[in-house]
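Here are the chains, one letter per residue:
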Number of protein chains: 2
Amino acid sequence: MKVSELGEFGLIKLLSKIASYDYKNRQLLVDLGDDAAAWPGSNSISLGTTDTMVEGIHFTDKATRLELGWKSLAINLSDIAAMGGIPKYALISLALPEDTDVEDVTQLYQGMVEMAKSFHVIIAGGNISTAPLLVITITIFGEALKEGLLTRSAAKPGDSIAVTGYLGSSAAGLKMLTHNMHFDSKTTTYFKKAHLQPEPRIAEGNILVREGVRAAIDISDGFIADLDHICEASAVGAEVRVNDIPVHHMVKSHFPDQALGFALSGGEDYELVFTTAKQNIQNIRKMTDCPITVVGEIISDKLAKVTLIDEKGRSIPWDRKKGWEHFKEQ
Amino acid sequence: MKVSELGEFGLIKLLSKIASYDYKNRQLLVDLGDDAAAWPGSNSISLGTTDTMVEGIHFTDKATRLELGWKSLAINLSDIAAMGGIPKYALISLALPEDTDVEDVTQLYQGMVEMAKSFHVIIAGGNISTAPLLVITITIFGEALKEGLLTRSAAKPGDSIAVTGYLGSSAAGLKMLTHNMHFDSKTTTYFKKAHLQPEPRIAEGNILVREGVRAAIDISDGFIADLDHICEASAVGAEVRVNDIPVHHMVKSHFPDQALGFALSGGEDYELVFTTAKQNIQNIRKMTDCPITVVGEIISDKLAKVTLIDEKGRSIPWDRKKGWEHFKEQ
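Residues numbered from 1 in each chain as written. Chains lettered and ligands numbered in written order. Predicted model: local features only at pLDDT ≥ 70, side-chain atom pairs only at ≥ 80, totals over all residues. Heavy atoms only, no water.

Moving on to the overall build of chain A. For chain A, the count of helices and strands is 12 helices and 12 strands. On C-alpha atoms alone, chain A measures out to a radius of gyration of 20 Å, which is about the 20 Å that the 2.2 N^0.38 rule sets for 330 residues. Reported as C-alpha extents along the three principal axes, the dimensions of chain A are approximately 60 × 55 × 50 Å. Expressed as a percentage of its 330 residues, the buried residues of chain A come to 59%. Of all intrachain contacts in chain A linking residues separated by at least 6 positions in sequence, the fraction that spans at least 24 positions is 80%. For chain A, the exposed surface amounts to about 13,600 Å²; the carbon and sulfur share of it is 50%. Treating the 33 positive side-chain charges of chain A as one cloud and the 43 negative ones as another, the clouds have centres 6 Å apart. (Helix = DSSP H or I, 4+ residues; strand = E, 2+ residues; numbered from the N terminus. Rg over C-alpha atoms; globule rule 2.2 N^0.38 Å. Buried < 20%, exposed > 50% of the residue type's maximum accessible area, 1.4 Å probe, protein only. Contact = heavy atoms within 4.5 Å. Areas by Shrake-Rupley, 256 points an atom, 1.4 Å probe, with all protein chains shown as cover. Lys, Arg positive; Asp, Glu negative; His and termini not counted. Charge placed at Lys NZ, Arg CZ, Asp CG, Glu CD.)

With that out of the way, let us pick up the interface of chain A and chain B. Contact residues are listed per partner, giving 69 residues for chain A and 69 residues for chain B. With both sides pooled, the region where chain A packs onto chain B buries about 5,700 Å², and carbon together with sulfur makes up 71% of that total. Linking Lys2(B) and Asp101(A) is a salt bridge whose minimum nitrogen-to-oxygen distance equals 3.5 Å. The interface formed by chain A and chain B holds 16 residue pairs in polar contact (both at pLDDT 80 or more) in total. Among the secondary structure elements, those contributing two or more residues to the side of chain A that touches chain B are α1 (3-6), α2 (8-19), β1 (37-40), β2 (45-54), β3 (85-96), α4 (102-118), β4 (122-130) and β5 (135-144) of chain A. Split by residue class, the side of chain A that touches chain B holds 41 nonpolar, 20 polar and eight charged. (Buried area = accessible area lost by both parts, 1.4 Å probe. Salt bridge = Lys/Arg side-chain N within 4 Å of Asp/Glu carboxyl O. Polar contact = N/O pair within 3.5 Å; in protein donor to acceptor, adjacent residues only side chain to side chain. Nonpolar A, V, L, I, M, F, W, Y, C, P; charged D, E, K, R; others polar.)

So, on to the packing of helix α3 (residues 65-81) of chain A against α4(A). Residues and elements named next belong to chain A. Their axes nearest at 6 Å, the elements α3 and α4 cross at an angle of 40°. Taken together, the axis directions place α3 and α4 in an arrangement best described as oblique. As for how α3 packs across α4, the hand of that crossing is right-handed. Only Asp 104, Gln 107, Leu 108, Gln 110, Gly 111, Met 112, Glu 114, Met 115 and Ala 116 of α4 make contact with α3, whose side of the interface consists of Arg 65, Leu 66, Leu 68, Gly 69, Trp 70, Leu 73, Ala 74 and Leu 77. (Axes fitted to C-alpha atoms, helices over the stretch in contact; angles between N-to-C directions. Parallel < 35°, antiparallel > 145°, perpendicular 65-115°, else oblique. Left-handed = near helix turned anticlockwise from the far one by under 90°.)

All names here are of chain A. Of all nine residues making up β4, seven are buried, and the element is well covered by its neighbours. Across eight bridges, β3 lies against β4 in parallel orientation. In the strand pairing of β4, Leu 96 is matched with Thr 130. Crossover β3 to β4 through α4 is right-handed. (Pairing = 2+ DSSP bridges. Right-handed = clockwise from strand over helix to strand, strands pointing away.)

Residue and element names in this part refer to chain A. Tracing the sequence through the fold places Lys 71 in helix α3. Separated by 2.8 Å, the side chain of Lys 71 and the backbone oxygen of His 195 make a polar contact. If we skip the residues at most four places from it in the chain, Lys 71 touches Met 53, His 195, Leu 196, Pro 198, Glu 268 and Tyr 270.

Tracing the backbone shows Thr100(A) in the loop between β3 and α4. From its side chain, Thr100(A) meets the backbone oxygen of Pro97(A) in a polar contact 2.6 Å long. If sequence neighbours within four positions are ignored, Thr100(A) has contacts with Val105(A), Met1(B), Lys2(B) and Val3(B).

Residue and element names in this part refer to chain B. If you trace the five strands from one edge of the open sheet to the other, you get β1-β2-β5-β3-β4, paired in mixed fashion. If you trace the sheet from one side to the other, it starts and ends with β1 (37-40) and β4 (122-130), each paired once. Across the sheet, the mean angle from the axis of one strand to that of its neighbour is 15°, orientation sign disregarded. Pairing analysis gives nine bridges linking strand β2 (residues 45-54) to strand β5 (residues 135-143), with the strands arranged antiparallel. Bridge pairing links Asp 51 to Ile 138 in β5.

Here we come to the relation of the copies chain A and chain B. In screw terms, the move from chain A to chain B is a rotation of 180° and a rise of 0.0 Å along the axis, fitting with an RMSD of 0.0 Å. In symmetry terms, the pair is related by a two-fold rotation axis. Within chain A, the C-alpha atom positioned nearest to the axis of rotation is that of Ser42(A), 3.2 Å from it. The residues that chain A uses at the interface reappear at the interface of chain B in 99% of cases, marking a shared surface. (Least-squares fit on C-alpha atoms with pLDDT ≥ 70 in both.)

All right, on to the pattern of salt bridges then. Residues and elements named next belong to chain A. If you walk through the whole model with that rule in mind, you get 24 salt bridges over all chains. Across the pair Lys 13 and Glu 232 runs a salt bridge, and its minimum N-O distance is 2.6 Å. With a gap of 219 residues between them, Lys 13 in helix α2 and Glu 232 in helix α8 (residues 223-234) connect regions that are remote in the sequence. A relative accessible area of 52% places Lys 13 in the exposed class.

This part covers the packing of helix α5 (residues 169-178) of chain A against helix α6 (residues 185-196) of chain A. Residues and elements named next belong to chain A. In contact at an axis separation of 7 Å, α5 and α6 are set at 110° when each is read in the N-to-C sense. It follows from the interaxial angle that α5 and α6 lie roughly perpendicular. Facing α5, whose interface residues are Ser 169, Ser 170, Ala 172, Gly 173, Leu 174, Met 176 and Leu 177, α6 presents Thr 188, Tyr 190, Phe 191, Lys 192, Ala 194, His 195 and Leu 196.

Turning next to the sheet that holds strand β7 (residues 215-218) of chain A. Here seven strands make up an open sheet; going across it, the order is β7-β9-β6-β10-β8-β11-β12 (chain A) and the pairing mixed. Each edge of the open sheet carries a strand with a single partner, namely β7 and β12 (315-316) of chain A.

Take the environment of Leu77(B) next. Residues and elements named next belong to chain B. Its place among the elements puts Leu 77 in helix α3 (residues 65-81). Along the chain, Leu 77 and Ser 169 lie 92 residues apart, while their C-alpha atoms are 19 Å from each other. Those residues in contact with Leu 77 that sit more than four places away from it in its chain are Pro 87, Met 115, Phe 119, Val 121, Ile 140, Pro 200 and Ile 202.

Attention shifts here to the pairing of strand β8 (residues 237-241) of chain A. For a regular strand, the rule is simple: side chains alternate between the two faces of the sheet. All names here are of chain A. Taken together, the four bridges between β8 and strand β10 (residues 292-299) define a ladder with antiparallel strand orientation. Its bridge partner being in β10, Val 240 is matched across the sheet by Gly 296. As paired elements, β8 and strand β11 (residues 306-309) share four bridges and run parallel to each other. Bridge pairing in β11 links Val 240 to Leu 308.

To describe a pair of aromatic rings, one takes the distance between the centres and the angle between the planes. A complete count under the given rule lists 16 aromatic pairs over all chains for this structure. Taking 4.2 Å as the distance between ring centres and 10° as the angle between the ring planes, the aromatic pair formed by Trp39(A) and Tyr89(B) counts as stacked. Of the two residues, Trp39(A) sits in strand β1 while Tyr89(B) sits in strand β3 (residues 86-96), which places them in two different chains. Side by side, Trp39(A) and Tyr89(B) carry an identical accessibility label, which is buried. What links up through ring pairs into an aromatic cluster is the set Trp39(A), Tyr89(A), Phe141(A), Trp39(B), Tyr89(B) and Phe141(B). (Phe/Tyr/Trp six-rings, centres within 6.5 Å; stacked < 30°, edge-to-face > 60°.)

This is how it looks when you write it as structure tokens:
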């Protein structure tokens with residue numbers, strides 16, 4: 001069987017099984033497959049996460065090397081944010097062609113350093129090797145707050161489902177960049193930043209943990225796909241009111257037909273989706289300037305899936321494999 | 001300027017400078033560029049190291065996927081060994097083509113698990129993504145012993161230079177595999193294992209630290225290249241008696257003309273080269289079954305380089321760029 005037939009998530013499950021040979025006895029604090037690994041340190045819980053970006057797959061020449069450096073680090077920090085932790089140290093592994101311009105590599109590093117500085121992360125080391133194409137692998141080592149962790153497996157029926165910020169802006173930015181669309185400078189800046197320089201929600205993740213939230217994930221694959229991960233890990237269902245999904249007005253006005261599709265399955269927003277008792281939401285809103293929007297509820301559901309509903313509470317058909325674009329055509 | 005003109009070590013220096021924006025204030029315990037990063041944990045020093053293996057560059061189809069998994073983890077553990085630490089957790093990042101056989105990936109993981117088990121390392125998480133070719137990046141988190149660390153910068157004039165095990169066996173194995181050479185089964189097994197399944201010297205690294213050794217590196221680039229790193233980081237020179245370099249009898253007998261070249265610059269032996277006061281050597285030998293061979297002395301040398309000497313103490317010319325093969329032809 002080919003990897004493409006099994007799928008990414010199927011492969012992760014299979015490899016987790018092989019890799020977890022005796023981890024039940026060895027104090028891993030979250031299952032393999034959560035946003036980050038967690039293990040007990042002497043005074044706090046240690047977090048570790050790693051992510052790879054491959055030229056031509058995860059990035060193209062639409063991004064400057066500075067933006068690429070920023071984003072490479074940001075998406076890893078986002079995994080720490082999704083655990084409610086504090087990032088501390090980064091290890092950078094670069095594989096690159098020998099004819100790469102040194103200036104490109106230093107720009108890449110400058111982008112990482114900018115991002116690292118703003119989150120007080122130390123680039124502690126790394127590795128450089130040769131490859132036919134640029135591959136960036138970043139590992140972050142962090143710490144959990146003493147109050148606890150955000151995991152994918154802690155959602156409970158009755159919880160409200162909420163998201164930070166706006167969804168779909170990154171996909172809109174990608175569309176603009178790949179289709180060479182031209183907007184006014186303010187719009188262009190917003191879309192570019194949304195796609196190329198996402199802000200990891202570290203502060204918000206910390207607030208969530210302190211306010212008693214325990215279930216969250218960051219939106220990298222897309223809102224529905226990532227909420228599905230919570231449903232599966234928590235063995236619950238999710239009912240999402242599509243009309244409540246927060247979409248930025250620039251996305252709505254420039255991509256009126258695609259906005260909701262971008263928001264539901266565009267991915268790479270690096271916002272947090274979390275679940276918590278309804279009464280916690282107001283307290284969380286008081287602690288942050290970041291928009292917090294309730295978009296649905298966790299329900300009991302043996303299928304452990306996300307259901308979309310319209311303003312009248314009717315279920316909206318959704319093809320998990322073919323995604324939103326397919327759904328739209330129905 | 002291209003990366004190839006600056007060279008790997010030049011690039012590392014340049015990037016370290018960019019990345020170390022304020023690390024002097026942030027408690028990194030070793031310089032960027034040591035075998036692993038080290039930072040203070042609450043009760044012990046934390047170690048982190050990462051390494052990438054790229055298909056066609058670092059491995060070919062001469063290795064089974066099981067052997068490749070083993071080696072990928074082993075070379076990372078070796079970096080922890082070179083710090084005298086204990087490896088604890090591994091994060092595995094795989095980038096692979098979609099048409100990869102699932103069996104190949106599970107075999108790769110089995111190899112990692114075998115290696116992980118024998119050193120009590122937990123595979124705590126990782127990441128899977130698509131790429132046009134297989135790229136394996138492994139990150140290890142470990143802990144230093146309370147007695148201290150092995151670093152590249154602690155060698156002192158007057159120290160003896162010693163190595164664990166035998167040098168050149170890995171290069172001999174590579175030669176056998178790439179040139180389809182046939183030997184008896186015992187020899188074949190020895191060479192294959194030396195190249196494809198090196199044993200990280202974790203136990204030996206721990207013994208060195210406990211016996212007061214503070215300067216070491218693992219041999220990945222080659223004995224001279226790696227000892228050069230110690231010389232540079234410690235601002236000392238090294239005088240090496242080539243006749244004392246430990247070369248396994250199988251390498252000597254099957255590659256009589258190349259054996260010393262393999263040992264001096266072949267690389268990938270993953271043995272430790274360390275420096276310490278002469279009187280420590282006997283105590284270290286008592287603590288381990290691993291051969292410990294003194295091969296030279298650390299000297300004061302403003303050029304901070306390795307000098308090779310023959311049995312009469314005469315300096316042997318050595319071309320750093322063209323390596324041993326060039327030297328041999330003189």
